[in-house]
Amino acid sequence: QEQLVESGGGLVQAGGSLRLSCASSGRPFGDRTVGWFRQAPGKEREVVAGISWNAITTTYTDSVKGRFTVSRDNSKNSVYLQTNSLKPEDTAVYYCAARRPYLPTNNSVDYDYWGRGTQVTVSS
């Protein structure tokens, strides 16, 4: 059974950084495109970033461009989201999700497997 587990969230001051990790258990990760999503209280889930199975294509939502970087290490069955220059509006539960080896999309319904999320809280 394919399972994703996020880690690395926490409480950080504005301007700080966190490195989120998404690990896959149960099967190799190398043929999965992975998306990072987030959901703040009272708001819709939104896409943050995505990375193709071969790491050739990366995508970012406009609000995080230049601050967040998505990467992967298939030998470790892991995908990472480096978050820098964090702002209070980045506060949310961050989820990783996997789909078959197509390009990353902004649509959560395109992803088949989801983790349970990790909380990121940015204080002002």
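Presented here is an overview of the structure given in this document. What you are looking at is a predicted structure, and each value in this text was computed from that prediction instead of being measured.

**Concerning the overall build of the protein chain**
Line of reasoning, step 1. Scanning the protein chain for helices and strands turns up zero helices and 11 strands.
Line of reasoning, step 2. From first element to last, N terminus to C terminus, the protein chain shows the α and β order β-β-β-β-β-β-β-β-β-β-β.
Line of reasoning, step 3. Computed over its C-alpha atoms, the radius of gyration of the protein chain comes to 13 Å, within 12% of the 14 Å expected for a compact globule of 124 residues.
Line of reasoning, step 4. When the backbone C-alpha atoms are referred to their principal axes, the protein chain occupies close to 40 × 25 × 25 Å.

**Some words on the pairing of strand E11 (residues 118-123)**
Line of reasoning, step 1. By the alternation rule, side chains of E11 split into Thr118, Val120 and Val122, which are all buried, and Gln119, Thr121 and Ser123, of which none is buried.
Line of reasoning, step 2. As defined by bridge partners, strand E2 (residues 10-13) adjoins E11 across four bridges and the pair is classed as parallel. Counted as the bridge partner of Gln13 is Ser123 from E11.
Line of reasoning, step 3. As paired strands, strand E9 (residues 92-99) and E11 are joined by three bridges and run antiparallel to one another. If you follow Ala92 over to E11, its bridge partner there is Val120.

**Side note on the sheet that holds strand E1 (residues 3-7)**
Line of reasoning, step 1. The four strands lie next to each other as E1-E3-E8-E7, forming an open sheet whose pairing is antiparallel. Looking at which strands have only one partner, the edges of the open sheet turn out to be E1 and strand E7 (68-73). Averaged over all pairs of adjacent strands, the angle between their axes in this sheet comes to 15°, without regard to strand direction.
Line of reasoning, step 2. With six bridges connecting them, E7 and strand E8 (residues 78-83) associate as antiparallel partners. Pairing of Arg72 across the sheet is with Val79, part of E8.

**Focus: the nonpolar core**
Line of reasoning, step 1. If you look at the biggest cluster of nonpolar residues, it comprises 24 residues, and the most contacted ones within it are Trp36, Val48, Val79, Leu81 and Tyr94.
Line of reasoning, step 2. Those elements giving two or more residues to this core turn out to be strand E3 (18-25), strand E4 (33-39), strand E5 (46-51), E7, E8, E9 and E11.
Line of reasoning, step 3. At four residues, E9 tops the list of elements feeding residues into this core.
Line of reasoning, step 4. The residues contacting Leu81, other than those within four sequence positions of it, are Leu18, Arg19, Leu20, Trp36, Val48, Ala49, Phe68, Thr69, Val70 and Tyr94.

**Things to note about the pattern of salt bridges**
Line of reasoning, step 1. Scanning the entire structure with this criterion turns up five salt bridges.
Line of reasoning, step 2. One salt bridge in this structure joins Arg38 and Asp90, with 2.9 Å as the shortest N-O distance. One end of the pair, Arg38, is in strand E4; the other, Asp90, is in the loop between E8 and E9, and 52 residues separate them in sequence. As far as the burial class goes, Arg38 and Asp90 line up, both buried.
Line of reasoning, step 3. With a closest N to O distance of 2.7 Å, Arg67 and Asp90 form a salt bridge. With Arg67 in the loop between strand E6 (58-60) and E7 and Asp90 in the loop between E8 and E9, the pair connects residues that are 23 residues apart, well separated along the chain.

**Description of the environment of Gly35**
Line of reasoning, step 1. Tracing the sequence through the fold places Gly35 in strand E4.
Line of reasoning, step 2. In this structure the C-alpha to C-alpha distance between Gly35 and Leu4, which are 31 residues apart in sequence, comes to 12 Å.
Line of reasoning, step 3. Once residues within four sequence positions are removed from consideration, Gly35 is found in contact with Ala49, Gly50, Tyr95, Cys96, Ala97 and Tyr111.

Definitions and limits used
- Residues numbered from 1 in each chain as written.
- Predicted model: local features only at pLDDT ≥ 70, side-chain atom pairs only at ≥ 80, totals over all residues.
- Heavy atoms only, no water.
- Helix = DSSP H or I, 4+ residues; strand = E, 2+ residues; numbered from the N terminus.
- Rg over C-alpha atoms; globule rule 2.2 N^0.38 Å.
- Buried < 20%, exposed > 50% of the residue type's maximum accessible area, 1.4 Å probe, protein only.
- Pairing = 2+ DSSP bridges.
- Axes fitted to C-alpha atoms, helices over the stretch in contact; angles between N-to-C directions.
- Core = buried A, V, L, I, M, F, W, Y, C linked by side-chain atoms within 4.5 Å.
- Contact = heavy atoms within 4.5 Å.
- Salt bridge = Lys/Arg side-chain N within 4 Å of Asp/Glu carboxyl O.

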